[in-house]
Amino acid sequence: MASTIQFRVDPLERQLYERVAKNRGVSISDLIRDAVRKDIEAPPRGELNLTLSPALATAVLDKAARLGRSSDELVAALVRDHLDGLTNADLNDDERRARARERARELLNG
C-alpha cells in the first residue's frame, strides 16, 4: 500500500533543499524521505494517518528530537495519556478560547 506525505515549505527553504539534493545527486523527494524515514515508517502494531498544521507537525518533531524519541512514540504517549480527557469542547476553538479567557480572569482576580 502506497502513501503520500506532502510537506509545505517556504519557497526559500525549498530552494535550499533543491540545492542540497542537487549537490548529493538525488531527487528532492529522496532527500526528504531519507531525512524523515524513521518518522514516516508505520509501526508494526498499526498505522494512524494524521493531518497536522505545519507548525504543529514541527512542534511534534522538535519535541520528539529533544526527547531522543521518534514522533510516533510521542504521539502514542499523547493519545494514551490524554484520550480519555478529550471532549467536544476541546475540539471547538470558540469553547476552548472561552475557557482560557475564564481561567485567565480567575487567575487575575485571585
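Values in this document were obtained by computation on a predicted structure and should not be read as measured data.

Student: Sorry, what's going on with the overall build of the protein chain here?
Tutor: Helices and strands together make up the secondary structure of the protein chain, namely six helices and zero strands. Taken across its 110 residues, the protein chain has 9% of its residues classed as buried. Sequence-distant contacts, at least 24 apart, represent 29% of the contacts inside the protein chain between residues at least 6 apart. Total accessible area computed for the protein chain in this model is approximately 9600 Å², and 52% of it derives from carbon and sulfur atoms.

Student: Quick question: what am I supposed to make of the pattern of salt bridges here?
Tutor: Once their charged atoms are close, side chains differing in charge can pair, the charge on each being opposite to the other. On inspection of all chains with the given rule, the structure shows eight salt bridges. Of the charged contacts, one joins R69 and E73 as a salt bridge, the two residues approaching to 3.3 Å between their closest N and O atoms. Among the ionic pairs, D90 bridges to R99, the shortest N-O distance being 3.0 Å. A relative accessible area of 39% means that R99 is categorised as partly exposed.

Student: How should I be thinking about a nonpolar patch on the surface in this particular structure?
Tutor: There is a patch of nonpolar side chains on the surface, built from L48, L50, L52 and L56 and spanning about 380 Å² of accessible area. Locating L56 in the fold gives a position in helix α3 (residues 54-67). Note on L56: relative accessible area 43%, which makes it partly exposed.

Calculation rules
Residues numbered from 1 in each chain as written. Predicted model: local features only at pLDDT ≥ 70, side-chain atom pairs only at ≥ 80, totals over all residues. Heavy atoms only, no water. Helix = DSSP H or I, 4+ residues; strand = E, 2+ residues; numbered from the N terminus. Buried < 20%, exposed > 50% of the residue type's maximum accessible area, 1.4 Å probe, protein only. Contact = heavy atoms within 4.5 Å. Areas by Shrake-Rupley, 256 points an atom, 1.4 Å probe, with all protein chains shown as cover. Salt bridge = Lys/Arg side-chain N within 4 Å of Asp/Glu carboxyl O. Patch = residues over 30% accessible without salt bridge, like charges linked within 9 Å, V, L, I, M, F, W, Y side chains within 5 Å.

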